[in-house]
Amino acid sequence: QVQLVESGGGLVQAGGSLRLSCAASGRTFSSYAMGWFRQAPGKEREFVAGITWSGASTLYADSVKGRFTISRDNAKNTVYLSMNSLKPEDTAGYYCAARRGNFYSTLPSLYDYWGQGTQVTVSS
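Thresholds applied
- Residues numbered from 1 in each chain as written.
- Predicted model: local features only at pLDDT ≥ 70, side-chain atom pairs only at ≥ 80, totals over all residues.
- Heavy atoms only, no water.
- Pairing = 2+ DSSP bridges.
- Helix = DSSP H or I, 4+ residues; strand = E, 2+ residues; numbered from the N terminus.
- Axes fitted to C-alpha atoms, helices over the stretch in contact; angles between N-to-C directions.
- Salt bridge = Lys/Arg side-chain N within 4 Å of Asp/Glu carboxyl O.
- Buried < 20%, exposed > 50% of the residue type's maximum accessible area, 1.4 Å probe, protein only.

A.B. asks: Before we go on, may I ask you to explain the sheet that holds strand E7 (residues 68–73) in this structure?
C.D. replies: Backbone hydrogen bonds hold the strands of a sheet together, and the pairing may be parallel or antiparallel. Sheet architecture is open: four strands sit in the order E1-E3-E8-E7, paired in antiparallel fashion. A single partner strand is all that each edge strand has here, and the edge strands are strand E1 (4–7) and E7. Ignoring strand direction, the axes of neighbouring strands in this sheet form an average angle of 15 degrees. In this structure, E7 lies alongside strand E8 (residues 78–83), joined through six bridges in antiparallel fashion.

So this is what it looks like as structure tokens:
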């Protein structure tokens, strides 16, 4: 069992930055690939970024590529999402998710554990 708790969301002006954190419980955090997803009201949950259990490989949605960076610290059982040059269209609830094994996925249904989410609001 893995429990995930996100933090770091908030209100920021367009062009600003935020860093989200996702703290995981359990001693097997390094056995999971991790993903960040977001969901805006009335929209489906969408993939934002993924990282393998070693951190050696990452993947980004086209909409955030070059602006967001996913990273992890297995010693701290934490995955991060650094968000720069934020836009109003980045406004959403952001969720981290854990998937058993080395490989991330862009599909929410393939993840085994989810956090409760943290809200990011970008004002214009």
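That was the structure; now back to the text.
A.B. asks: Hey, could you run me through the pattern of salt bridges in this one?
C.D. replies: Note on pairing: side chains with opposite charge can pair once their charged atoms come close. Within this structure, the stated rule accounts for five salt bridges. The salt bridge partner of aspartate 90 is arginine 38, with a shortest N-O separation of 2.9 Å. Remark: arginine 38 occurs in strand E4 (residues 32–39) and aspartate 90 occurs in the loop between E8 and strand E9 (92–100); sequence separation between them is 52 residues. Across this residue pair, the class does not change: aspartate 90 and arginine 38 are buried. Here arginine 100 and aspartate 112 are joined by a salt bridge, their closest N and O atoms 3.0 Å apart. Taken together, the residues arginine 100 in strand E9 and aspartate 112 in the loop between E9 and strand E10 (113–114) connect sequence positions 12 residues apart. Within the structure, one salt-bridge network assembled from shared partners comprises Arg38, Glu46, Arg67 and Asp90.

By themselves these figures say nothing about function.
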